[in-house]
Amino acid sequence: MDLDAIAAISRLKYRHVRALDTKQWDLFADTLTPTAEATYGEYLQFESRDAFVQFMQETLGPHVLTEHRCGHPEIDVKGRTATGVWMLSDLVLIPEHDKLLRGSSVYTDEYQLCEDGAWRISSTTYKRTFELSYSLKDLPSFKLTAPGWMPPPADADEG
Amino acid sequence: MDLDAIAAISRLKYRHVRALDTKQWDLFADTLTPTAEATYGEYLQFESRDAFVQFMQETLGPHVLTEHRCGHPEIDVKGRTATGVWMLSDLVLIPEHDKLLRGSSVYTDEYQLCEDGAWRISSTTYKRTFELSYSLKDLPSFKLTAPGWMPPPADADEG
Amino acid sequence: MDLDAIAAISRLKYRHVRALDTKQWDLFADTLTPTAEATYGEYLQFESRDAFVQFMQETLGPHVLTEHRCGHPEIDVKGRTATGVWMLSDLVLIPEHDKLLRGSSVYTDEYQLCEDGAWRISSTTYKRTFELSYSLKDLPSFKLTAPGWMPPPADADEG
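Residues numbered from 1 in each chain as written. Chains lettered and ligands numbered in written order. Predicted model: local features only at pLDDT ≥ 70, side-chain atom pairs only at ≥ 80, totals over all residues. Heavy atoms only, no water.

## Remarks on the overall build of chain A
Thinking step 1. Per the secondary structure count, chain A includes three helices and seven strands.
Thinking step 2. Along its sequence from the N terminus, chain A presents helices and strands in the succession α-α-β-β-α-β-β-β-β-β.
Thinking step 3. A compact globule built from 159 residues would reach a C-alpha radius of gyration of about 15 Å, and chain A, at 16 Å, matches this within 12%.
Thinking step 4. By its C-alpha atoms, chain A is 55 × 35 × 30 Å across when sized along the principal axes.
Thinking step 5. Per-residue burial for chain A yields a buried fraction of 57% across its 159 residues.
Thinking step 6. The contacts in chain A between residues at least 6 apart in sequence include a share of 57% that link residues at least 24 apart.
Thinking step 7. Of the side chains in chain A, 16 bear a positive and 25 a negative charge, and the two mean positions are spaced by 4 Å. (Helix = DSSP H or I, 4+ residues; strand = E, 2+ residues; numbered from the N terminus. Rg over C-alpha atoms; globule rule 2.2 N^0.38 Å. Buried < 20%, exposed > 50% of the residue type's maximum accessible area, 1.4 Å probe, protein only. Contact = heavy atoms within 4.5 Å. Lys, Arg positive; Asp, Glu negative; His and termini not counted. Charge placed at Lys NZ, Arg CZ, Asp CG, Glu CD.)

## Concerning the interface of chain B and chain A
By a frequent convention, interface size equals the accessible area lost on bringing the separate parts together.
Thinking step 1. Between chain B and chain A, the contact holds 31 residues from the first and 27 residues from the second.
Thinking step 2. Buried area between chain B and chain A, summed over both chains or domains, comes out near 2,500 Å², and the portion from carbon and sulfur atoms is 58%.
Thinking step 3. For chain B, the biggest contributors to the area lost against chain A are Arg-11, Arg-69 and Trp-149 of chain B; these three give 25% of the whole.
Thinking step 4. Inspection of the region where chain B meets chain A yields three salt bridges.
Thinking step 5. In this assembly, chain B and chain A are joined by 15 residue pairs in polar contact (both at pLDDT 80 or more).
Thinking step 6. Mapped by element, the contributors of at least two residues to the side of chain B that touches chain A are α1 (3-21), β3 (65-78), β4 (81-94) and β7 (143-146) of chain B.
Thinking step 7. The element that contributes the greatest number of residues to the side of chain B that touches chain A is α1 of chain B, accounting for 10 residues. (Buried area = accessible area lost by both parts, 1.4 Å probe. Salt bridge = Lys/Arg side-chain N within 4 Å of Asp/Glu carboxyl O. Polar contact = N/O pair within 3.5 Å; in protein donor to acceptor, adjacent residues only side chain to side chain.)

## Remarks on the confidence of the model for chain A
Thinking step 1. Across chain A, the average pLDDT comes to 93, with 94% of residues at or above 70.
Thinking step 2. Our summary of model confidence lists the complex with pTM equal to 0.94 and ipTM equal to 0.93. (pLDDT = per-residue confidence, 0-100.)

## As for the environment of Trp-25 of chain C
Residues and elements named next belong to chain C.
Thinking step 1. For Trp-25, the position within the fold is in helix α2 (residues 25-29).
Thinking step 2. With a relative accessible area of 10%, Trp-25 lands in the buried category.
Thinking step 3. The spacing of Trp-25 and Val-53 is 28 residues in sequence and 7.0 Å in space, taken between C-alpha atoms.

## Re the relation of the copies chain B and chain C
Thinking step 1. Between chain B and chain C, which share one sequence, the superposing operator has a rotation angle of 120° and an axial displacement of 0.0 Å; the RMSD is 0.0 Å. Interpreted geometrically, this transformation is the action of a three-fold axis.
Thinking step 2. Counting the interface residues of chain B, we find that no more than 11% of their copies in chain C are interface residues as well, pointing to two distinct contact surfaces. (Least-squares fit on C-alpha atoms with pLDDT ≥ 70 in both.)

## Some words on the pattern of salt bridges
Thinking step 1. All told, the structure shown has 34 salt bridges over all chains when counted by the stated rule.
Thinking step 2. Taking the shortest distance from any N to any O, the salt bridge between Asp-116 of chain C and Arg-120 of chain C comes out at 2.8 Å.
Thinking step 3. The exposure class assigned to Arg-120 of chain C is buried, which follows from its relative accessible area of 11%.
Thinking step 4. In this structure, a network of salt bridges that share partners links the residues Asp-21, Glu-67 and Arg-69 of chain A together with Arg-102 of chain C.

## Notes on the relation of the copies chain B and chain A
Thinking step 1. Between chain B and chain A, the superposition needs a rotation of 120° and an axial shift of 0.0 Å, giving an RMSD of 0.0 Å.
Thinking step 2. Residue by residue, only 10% of the interface of chain B is reproduced at the interface of chain A, so the copies engage with different surfaces.

## A short note on the side chain of Ser-122 of chain B
All names here are of chain B.
Thinking step 1. Mapped onto the fold, Ser-122 is located in strand β6 (residues 119-135).
Thinking step 2. What makes Ser-122 buried here is its relative accessible area of 14%.
Thinking step 3. Residue contacts for Ser-122: discarding those within four places in its chain leaves Thr-33, Thr-35, Ala-36, Glu-37, Glu-110, Tyr-111 and Gln-112.

## A word on the packing of aromatic side chains
Thinking step 1. For the coordinates displayed, the defined rule picks out 27 aromatic pairs over all chains.
Thinking step 2. Here the aromatic rings of Phe-46 of chain B and Phe-55 of chain B are separated by 5.0 Å at their centres, their planes lie at 45°, and the arrangement is tilted.
Thinking step 3. Take Phe-46 of chain B: its relative accessible area is 9%, and that puts it in the buried class.
Thinking step 4. The exposure class assigned to Phe-55 of chain B is partly exposed, which follows from its relative accessible area of 29%.
Thinking step 5. Counting every residue linked through ring pairs, the aromatic cluster contains Trp-25, Phe-28, Tyr-40, Phe-46, Phe-52, Phe-55, Tyr-107 and Tyr-126 of chain A. (Phe/Tyr/Trp six-rings, centres within 6.5 Å; stacked < 30°, edge-to-face > 60°.)

Below, the structure written as structure tokens:
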């Protein structure tokens, strides 16, 4: 196995998901190729990086708290391209709408080694194994004890 | 450290758990040696691969939605055998029985490098750090927003 | 990348967290340098290993069940020191107080390669992306179906 490439691709994926949960959209965009496609389940599909990033930025504003955790990487490298299968667990909280969503998915990604020497995601697709939701009104004592992430200044962490 | 063997064993574990959550039982069986033993807590013990796989297949049918996530690998390789400690988080949903189970465990595994060059699990044991359950009736607004995994055709993904 | 050092540091982190959730405080202490500092959010700060370990041991007794899961490692090694960013998901249950806490954090760690050849944590800090709590009284059917971890004898697992 090409352990160096696998380590670099894993780290790319971790940076991608950290940027998502900490709402660092420039950092998030830089983990994708310009022509990257994304398919989340049956209803959410994006044909380019810019469309994907714009949707995430508009949808996942400061009022939406997210936790995406990826694990179980099964990565195959072939020259300057690679594929990866991951398992995802995600939790989405929208306290002002009393909404909690919890999902579980199988991710199938494609990666490219770009001209600048960095691996980027060229395609990302997930298929749900399940997804559930309920209203936080069902938990009358529910409270946020830490108020949610405040994104750092734009130039603070783009590494 | 023998990073290649550790990577191969990690990948074996990930394939094992992905097969479990996506109900691909032939793929699941192929991650085990024929004489593999499995012990899950105090009450569930299996003396062979076939008994273990049969139980899982019968118990975890399409009406049972599962999410098993393994992390924190501590793997030691000694020639053609190895041991591994993992932490498990699992979620089991049986919507038709309004049942939710959530557990947390320490896994202790043994692995063998087989004649065909593949590592397989020869023994897997977990000890709960806790396990909890509650009825989904306690969450009146609970709903499945994605209906649960449909296994692919038998020959679609056995890789 | 220095894959051997990254693997050793990852394994250190996994042993640290396993010791925490299985309440093996000598094993936990041995993952830290004597001068290690720890900062958990805004309110919990420790200036030394001994103060940190003592607090954990006193606060997380057998009546407190915890699950800490770290993933998404982004580790940079520079000679005998290293830094690491991780994502944490944690669940804390205190059944006798009907309390459930669930948090999500970004960890920033520093590591040192010590004289005995082992990497240890010299600084660990997390910032919450969110933290929530609710009372288990909101789930009337809640029950523990495995009663919680019993720490092994002091000399059983310190490896």
